[in-house]
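So the chains spell out like this:
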Amino acid sequence: MAAPVYLFTGPEFGERNDEIDRIKSELNKKYGSFDDYLYYASETSVPTVVSMLQTESLFTPATCIVYKAAELIKRKEDIESLGAWVKSVLPSKSGGAAKDSHVLILVSDENSVDSKLEKIIPKENKKIFWEMFDNRKLPWVKDYFKKNGYSVTDDAADLILEMVENNTAALKTEINRFFTLFQKGYNVTASDVESVIADTKGETGYTLFAALTDTSVSSQERFENALTILQKLKLAANNSSSYAAGITATLGGCFKKALFWHELVQSGSPMDEYSLKSNGFTSKKMRTQYQNASTLWTHGQTVAIMALIAQTEIQIRSAGRGGLEDNYLAMLLYCIVIKKGGSMQSYSEDWI
């Protein structure tokens, strides 16, 4: 067995998250319980993560750390520190098994990370999650409906693909709406898609980010508009708590891209249309949103917001089905818009 360290890169969030969940499920099955952590390389240092991997908990037998923005890990001493930990948990030369109670999952939305970092990851534990090619999209949508006991017309599937972001996490979130509204065996039509998705104005985590970056209104109005979209998303999910994870995942990706915009500016990179397109800011609408984001939040504030999103993800996961996800998400939006990345000091703070 290889060392319990993984490197997952690429922009396909849905399949990547499924693989992370599979690893966590196996860890839980083997050890009964585990400490679950999520950190960003832009906020939490490599020595801190390595220290946690080397520390045995008195209360739980295993640990899993998901370490995002791994493309930022470039310092020689950081890579050497991670490499030393990987060697310490590899199978021994005498045939002993790998020490697999502490798992590290390095994640990047980019397609690659520093070559020296890649070298310390076992080949079988590295995977790039690419966006779906056009010829895979329609079959994927139809298969997802089928696996859940539904069918969908070609016109309806095409319409879904036109209205939803090109990653399986976003597609699952939107398609799951139909499963709460129709009985199994139902054949979803284009008319159903228009009534279910279009009638909610196609609200997603991305339209929520658009509302957060709308500089044409005051900060209070941006906050109120964001809360309205949040409520629509909850209703569209039929009050299921599953919608919350999709929102934090999408916002995390958006603010990661906002951080990249700041880095482009600070590095003196050209900010013309061609250069921005080559760096992933493909549409005029997208470029406007991230330009607005750079004026609303500084580089440091953006980093702080990413940390808040990670903290909210952990809070939602820890709360389970306790019904607190709405409060956590609302407080997150307040901290983003009103406090510009500042954290809540206490639950009693007057935040609305």
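Anything mentioned here points back to the structure above.
This one's a predicted model, so the numbers in the text were calculated from it and none came from an experiment.

Here we come to the sheet that holds strand β5 (residues 126–128). On the basis of which strands lie adjacent, the open sheet formed by 5 strands has the order β2-β3-β4-β1-β5 and parallel pairing. Looking at the sheet topology across the chains shown, the edges are occupied by β2 (35–40) and β5. Neighbouring strand axes in the sheet, compared pairwise and without regard to direction, differ in orientation by 15 degrees on average. Of the strand pairs in this sheet, strand β1 (residues 5–9) and strand β4 (residues 102–108) are connected by 5 bridges, and their pairing is parallel. The residue bridging Val-5 from the neighbouring strand is Leu-104, located in β4. Along the sheet, helix α1 (residues 13–31) makes contact with β1, β2, β3 (63–68) and β4, crossing β4 at roughly 175 degrees.

What follows covers the pattern of salt bridges. All told, the structure shown has 16 salt bridges when counted by the stated rule. Put simply, Glu-77 and Arg-75 hold a salt bridge, and the shortest N to O gap is 2.5 Å. For Arg-75, a relative accessible area of 47% corresponds to the partly exposed category. One salt bridge connects Arg-75 with Asp-78, and the closest N-O pair in it is separated by 3.2 Å.

What follows deals with the nonpolar core. Formed by 82 residues in total, the largest nonpolar core has its most connected members in Ile-73, Leu-104, Ile-105 and Phe-255. Residues within four places of Ile-73 in sequence aside, it is in contact with Ala-41, Val-46, Tyr-67, Asp-78, Ile-79, Leu-82, Leu-106, Asp-114 and Leu-117.

The next point concerns the environment of Asn-17. Of note, Asn-17 is situated in helix α1. Distance in space between the C-alpha atoms of Asn-17 and Val-217 is 35 Å, their sequence separation being 200 residues.

What counts and what doesn't
Residues numbered from 1 in each chain as written. Predicted model: local features only at pLDDT ≥ 70, side-chain atom pairs only at ≥ 80, totals over all residues. Heavy atoms only, no water. Pairing = 2+ DSSP bridges. Helix = DSSP H or I, 4+ residues; strand = E, 2+ residues; numbered from the N terminus. Axes fitted to C-alpha atoms, helices over the stretch in contact; angles between N-to-C directions. Contact = heavy atoms within 4.5 Å. Salt bridge = Lys/Arg side-chain N within 4 Å of Asp/Glu carboxyl O. Buried < 20%, exposed > 50% of the residue type's maximum accessible area, 1.4 Å probe, protein only. Core = buried A, V, L, I, M, F, W, Y, C linked by side-chain atoms within 4.5 Å.

Purely spatial values, then, with no claim about function.
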